[in-house]
Number of protein chains: 2
Amino acid sequence: MNIPRVQFLFDFGSPNAYLSHKVIPDIEARCGIRFDYVPVLLGGLFKMTGNRSPAESLAGIRNKPEYELLETARFVRRHRIDGFRRNPYFPVNTLQIMRGAVAARHEGVFDQYVNAVFSAMWEQGLKMDDADVIRQALTAAGLDAERLLARSQDAQVKAELLANTEAAFQHGAFGSPSFLVGDELFFGKDRLRDVEEEIMRQREAGKAQ
Amino acid sequence: MNIPRVQFLFDFGSPNAYLSHKVIPDIEARCGIRFDYVPVLLGGLFKMTGNRSPAESLAGIRNKPEYELLETARFVRRHRIDGFRRNPYFPVNTLQIMRGAVAARHEGVFDQYVNAVFSAMWEQGLKMDDADVIRQALTAAGLDAERLLARSQDAQVKAELLANTEAAFQHGAFGSPSFLVGDELFFGKDRLRDVEEEIMRQREAGKAQ
């Protein structure tokens with residue numbers, strides 16, 4: 001059976017990445033597949049594409065920001081997501097915590113790290129561009145904060161995050177969250193149903209070969 | 001049984017309104033319901049909200065316009081829509097043909113008019129802000145073009161189009177296509193699955209009462 005590679009291109013700074021992260025386990029269970037989490041730097045993607053965050057592009061527009069909030073509320077309700085709240089320090093500079101994600105993979109603690117940082121950002125509402133706050137949050141999650149922060153400064157870690165971001169751009173990404181099912185790009189939490197259908201389609205196509 | 005009112009707020013100038021129009025009959029058949037087509041002036045909504053067309057807001061951004069084209073192609077394929085093509089005169093000023101839609105309802109030829117104008121815009125690629133072109137397109141569709149064009153100039157018709165647009169704004173709309181299921185707003189062709197689910201949900205809630 002041909003199982004497609006499914007990538008979740010994410011930046012912790014995106015609330016929609018957090019919301020997707022909460023729904024991905026259900027899709028994984030239904031599809032019998034694991035998503036490959038790929039840390040990318042949203043600020044880098046914005047620079048490469050000229051795209052802007054919704055906070056910027058929706059500023060001053062009437063009705064549209066309210067509608068986006070409504071759709072977020074619908075998504076939370078539909079998927080019974082508990083504990084989500086806006087981060088009061090938004091936008092948070094995510095360079096440090098994104099490098100930390102790459103470091104955490106090298107240290108073999110990627111899943112714990114991702115859960116801890118998403119929770120710190122979008123459940124606890126912490127200021128996760130402050131080194132002390134990061135340290136406390138990682139420690140509270142049972143992670144070796146000093147080791148991860150040190151590893152985050154490795155040239156290899158920095159280069160890997162940039163390479164991920166460049167590859168995302170080359171695949172057509174312009175924001176977070178983005179998904180790749182094989183080479184098929186999907187943008188936004190609201191495409192998760194399409195992502196799931198595309199996984200199933202590629203699996204069926206693989207079987208037929 | 002409590003059947004919700006379902007409104008399709010549309011402007012002929014929006015390709016996504018055309019694509020929605022092609023899919024609505026399937027939803028109507030599955031739900032046993034008719035959508036209420038409400039002509040609104042997209043230019044008016046943009047003025048009221050400060051929103052802009054995708055053509056403007058995506059200009060100069062890399063990857064995002066290409067992604068929108070990809071999602072349009074996916075939508076067309078998914079729903080097996082034949083004959084869609086970009087209008088070479090885009091953006092077309094739709095004031096005249098939107099007033100015509102209101103006039104056509106008063107004349108009892110609304111459905112024929114809507115099909116004829118959507119086809120002229122997004123299948124035939126005609127310059128539908130030119131009075132002669134409009135006249136030819138309506139005549140070719142078996143409509144009384146002179147009568148409709150004259151009726152379009154009625155103060156009542158003009159006022160009705162503005163009132164529709166103002167009501168859409170009051171309901172939270174900021175673009176085309178928008179949908180209202182009862183008071184629940186949905187924006188964009190990609191929300192049609194949610195529109196269908198909301199129709200079913202409100203019907204079930206109505207039964208339970």
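Residues numbered from 1 in each chain as written. Chains lettered and ligands numbered in written order. Predicted model: local features only at pLDDT ≥ 70, side-chain atom pairs only at ≥ 80, totals over all residues. Heavy atoms only, no water.

Peer 1: Sorry if this is basic, but what is going on with the packing of helix α1 (residues 15-31) of chain B against helix α10 (residues 192-208) of chain B here?
Peer 2: To describe two helices that pack against each other, one gives the angle between their axes and the distance between the axes. Residues and elements named next belong to chain B. In contact at an axis separation of 11 Å, α1 and α10 are set at 25° when each is read in the N-to-C sense. Classified by the angle their axes make, α1 and α10 are roughly parallel. Handedness of the crossing formed by α1 with α10: right-handed. Together, Ser20, Val23, Ile27, Arg30 and Cys31 of α1 and Leu192, Glu196, Ile199, Met200 and Arg203 of α10 make up the contact between the two elements. Across the contact of α1 with α10, the residue classes break down as 6 nonpolar, 1 polar and 3 charged. (Axes fitted to C-alpha atoms, helices over the stretch in contact; angles between N-to-C directions. Helix = DSSP H or I, 4+ residues; strand = E, 2+ residues; numbered from the N terminus. Parallel < 35°, antiparallel > 145°, perpendicular 65-115°, else oblique. Left-handed = near helix turned anticlockwise from the far one by under 90°. Contact = heavy atoms within 4.5 Å. Nonpolar A, V, L, I, M, F, W, Y, C, P; charged D, E, K, R; others polar.)

Peer 1: Help me out: how do you make sense of the interface of chain A and chain B in this one?
Peer 2: One frequent convention defines the size of an interface as the accessible area lost when the parts assemble. Contacts between the two partners involve 27 residues from chain A and, on the opposite side, 27 residues from chain B. Taking both sides of the interface into account, the surface hidden between chain A and chain B amounts to around 2500 Å²; carbon and sulfur atoms contribute 41%. Counting every contact that joins chain A to chain B gives 14 salt bridges. When the shortest N-O distance is used, the salt bridge between Arg78 of chain A and Asp194 of chain B registers 2.6 Å. Elements represented by at least two residues in the side of chain A that touches chain B include exactly α2 (42-49), α4 (64-78), β4 (184-187) and α10 (192-208) of chain A. Per-class residue counts for the side of chain A that touches chain B are 10 nonpolar, 6 polar and 11 charged. (Buried area = accessible area lost by both parts, 1.4 Å probe. Salt bridge = Lys/Arg side-chain N within 4 Å of Asp/Glu carboxyl O.)

Peer 1: Help me understand the relation of the copies chain A and chain B, please; the structure alone is not making it clear to me.
Peer 2: In summary, the two copies of the chain are related to each other by a rotation about an axis coupled with a shift along it. It takes a turn of 180° to lay chain A on chain B, together with a shift of 0.0 Å along the axis; the resulting RMSD is 0.0 Å. In symmetry terms, the pair is related by a two-fold rotation axis. By residue overlap, the copies meet face to face through one surface: 100% of the interface positions of chain A are interface positions in chain B. (Least-squares fit on C-alpha atoms with pLDDT ≥ 70 in both.)

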